[in-house]
Structure formats: structure tokens, C-alpha cells
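One letter stands for each residue in the lines below.
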Amino acid sequence: MSDAVSALNGQTHDGFARVAEAGLRGMVTIRADLDSTALAAALGALGLSVPAKRQIVSAGDTSVGWMGPDELLLLCDYAQAPHLCADLSAALAGEHALVVTVSDARAIFTVQGARADQVLQKLCPVDFATLPVGELRRTRAAQIAAALWRSGPDELSLVCFRSVAGYMIGLLEVSARKGGEIF
Amino acid sequence: MLTLQCPYCGVTVEETELAPGGEAHLKRFGPGSSDDDFEAYMFARKNPKGVHFERWRHAYGCGKWFLAARCTATLEVFGTYPAQTTEPPADLIAKIKEKRPTWEGYK
Ligand SMILES: [Zn+2]
């Protein structure tokens with residue numbers, strides 16, 4: 001077994017908010033008919049449900065977010081991802097569906113602190129004042145695609161492609177520098 | 001700044017999250033069609049000052065194509081709708097006619 005490393009090895013920067021590459025995280029992309037009963041049953045077995053439009057639902061360490069009308073993103077323990085992927089593939093066998101482990105093709109970041117929103121307000125065309133807990137928003141961070149959601153009190157998480165992880169941490173670090181607070 | 005509601009995500013997003021795809025509701029003329037039809041399909045585009053139907057893609061969001069009706073002069077958006085249709089929804093046409101009584105229709 002190869003020694004898995006995340007895109008930036010947990011690189012962290014402290015400014016007026018703490019920005020960090022959040023290390024290894026399991027991610028599985030599901031492309032399927034979201035009305036499928038087999039999909040609902042398979043997610044139900046994990047304690048989850050098929051998320052409604054733009055929602056992200058969690059059970060313990062596992063979450064599943066709505067990425068589009070035919071796409072979900074499952075977040076889980078890194079080592080568990082291939083197993084969950086195989087289970088979901090089996091559950092959706094015979095349906096027009098595709099389940100793929102993308103853990104190593106993505107990077108995940110957290111922005112923490114009372115002013116966490118302000119770091120992203122400078123980067124994303126999103127109204128953070130009206131972004132509720134439990135909503136997953138796909139958008140851009142400066143020039144790259146990202147998906148973000150409120151992952152805890154005073155914490156936002158972002159997912160982007162691994163190939164642009166260096167660009168993302170650069171954005172976050174500069175945006176979070178002390179003196180750059182908006183209010 | 002143009003803002004459009006993605007009919008799949010239901011979220012109102014600004015132009016920078018979208019990719020433009022030109023005129024909507026084009027009918028394809030491929031192999032076997034007449035030269036005139038193919039030329040018109042390939043090159044001829046409407047360029048109205050006023051109501052225009054366009055393709056847009058929620059490129060930084062769900063990635064899906066959708067269609068939008070807007071005014072090219074005022075940027076007023078009349079509505080957006082999914083791309084799986086060959087003509088604009090009747091209620092949207094009615095809404096535009098009410099706002100632009102002299103509009104000739106989308107054809
Ligand atoms: Zn969308």
C-alpha cells in the first residue's frame with residue numbers, strides 16, 4: 001500500500017482567521033438518478049439520506065452533498081472511501097449510475113475563526129450573510145471552481161481539485177492576512 | 001453585472017460564475033441539408049436590440065446548460081428555464097409580451 005499524502009500535507013496559516021489544508025479526506029463522486037430508491041436505500045444504510053437541492057447531510061464522520069441534479073459528493077474517512085465506493089457501486093448495479101473514488105483528485109480546506117466568512121467574501125461571489133448551515137454551495141474562489149459549506153461553528157470547508165490546491169492555499173493565506181479584515 | 005437564476009440549483013448567480021453559449025433554440029442542419037440551411041445554421045445569428053434567448057452554462061456550479069430570456073438593451077432578465085426544451089415556455093412568452101407589447105416573438 002502506498003503512503004498516501006494530501007495535496008499540501010496539512011499546510012496551515014494563521015491570519016485574522018486560520019486557513020488550513022485539511023489533510024486526507026475520503027471523497028466519492030456519485031452520478032445517478034437522485035430519485036433512485038436503490039440510492040436512497042444505500043445512503044440510508046450509512047445513516048444518510050439523499051440530500052435535497054444544495055443541501056449537505058451528515059452522520060458522524062460521513063457527509064453527502066448535492067452537487068447537481070444528477071451528482072452527489074460523499075465525504076468520509078480516507079481509508080473507508082474505496083469500500084464505500086464499492087458498496088455504492090454494487091447497490092446501483094443495473095442502474096445508469098457511476099460511482100468513483102476521487103479522494104486523491106480533490107483537496108479539502110478549512111477556514112476557521114469568528115471572521116472566517118470575510119476570508120471567502122473576498123474570493124467568492126456568494127452572499128455569506130444568507131448562506132445557512134446545511135447548504136453546500138458550488139461556486140468559484142477567484143479563478144478556480146470550489147464547493148463550500150459551513151462545517152462547524154465559525155468554520156467553513158472548501159473542496160477543490162487537487163491540481164489547484166497550491167493556488168487555493170495561496171488565495172486563502174493572502175485573504176486571511178492580518179490587516180485584511182473587511183469589518 | 002448580469003445575474004441569472006440557475007434553474008437546476010435554484011440559486012441566483014452572477015455572470016462570473018457562468019459561461020455564455022450564444023443564441024438559444026437553434027435548429028441543427030447537418031449532413032444532407034441544403035447549403036443555404038447549413039450556412040444559416042452555422043453562421044447566421046440574431047443580434048436584436050431587445051428580447052434575446054440565450055444559452056448559459058452554470059460553469060462554476062452544477063455545470064449544467066440552461067436557457068435565459070433577457071433584454072440586450074436594458075439587461076432585464078425575463079426568466080431562465082432548463083435546456084431540455086425546443087422552445088421557450090408559454091408563460092415566459094406571455095410575460096415578455098406583457099412587458100414588451102411590440103416584441104415580434106422569438107422566431
Ligand atoms: Zn446550477
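Residues numbered from 1 in each chain as written. Chains lettered and ligands numbered in written order. Predicted model: local features only at pLDDT ≥ 70, side-chain atom pairs only at ≥ 80, totals over all residues. Heavy atoms only, no water.

A. Up close: the interface of chain B and chain A. Facing 14 residues of chain B, the contacting portion of chain A comprises 16 residues. Surface buried jointly by chain B and chain A totals about 1100 Å² across both partners, of which 50% is contributed by carbon and sulfur atoms. At the boundary of chain B and chain A, one finds two salt bridges. We note a salt bridge from Arg 137 of chain A to Glu 17 of chain B, for which the minimum N-O separation is 2.9 Å. The tally of links from chain B across to chain A stands at nine residue pairs in polar contact (both at pLDDT 80 or more). Grouping the constituent residues of the side of chain B that touches chain A by class yields seven nonpolar, four polar and three charged. (Contact = heavy atoms within 4.5 Å. Buried area = accessible area lost by both parts, 1.4 Å probe. Salt bridge = Lys/Arg side-chain N within 4 Å of Asp/Glu carboxyl O. Polar contact = N/O pair within 3.5 Å; in protein donor to acceptor, adjacent residues only side chain to side chain. Nonpolar A, V, L, I, M, F, W, Y, C, P; charged D, E, K, R; others polar.)

B. Molecular detail of the coordination of the zinc ion. Residue and element names in this part refer to chain B. Bound to the zinc ion on the protein side are Cys 6 (SG), Cys 9 (SG), His 58 (ND1) and Cys 62 (SG), at distances that span 2.0 to 2.4 Å. For the zinc ion, the four donor atoms in the first shell make angles of 100 to 117° at the metal, so the coordination geometry reads as tetrahedral. Donor residues binding the zinc ion come from one chain and are separated in sequence as C-x2-C-x48-H-x3-C. Of this pair, Cys 6 sits in the loop between β1 (3–5) and β2 (12–14) while Cys 62 sits in the loop between β4 (51–57) and β5 (65–71), placing them 56 residues apart in sequence. Among the residues examined, Cys 6 registers a relative accessible area of 0% and is labelled buried. (Donors = N, O, S within 2.8 Å, 3.2 Å for Na, K, Ca; no water. Tetrahedral: all angles 85-135°; square planar, octahedral: opposite > 155°, others 65-115°. Helix = DSSP H or I, 4+ residues; strand = E, 2+ residues; numbered from the N terminus. Buried < 20%, exposed > 50% of the residue type's maximum accessible area, 1.4 Å probe, protein only.)

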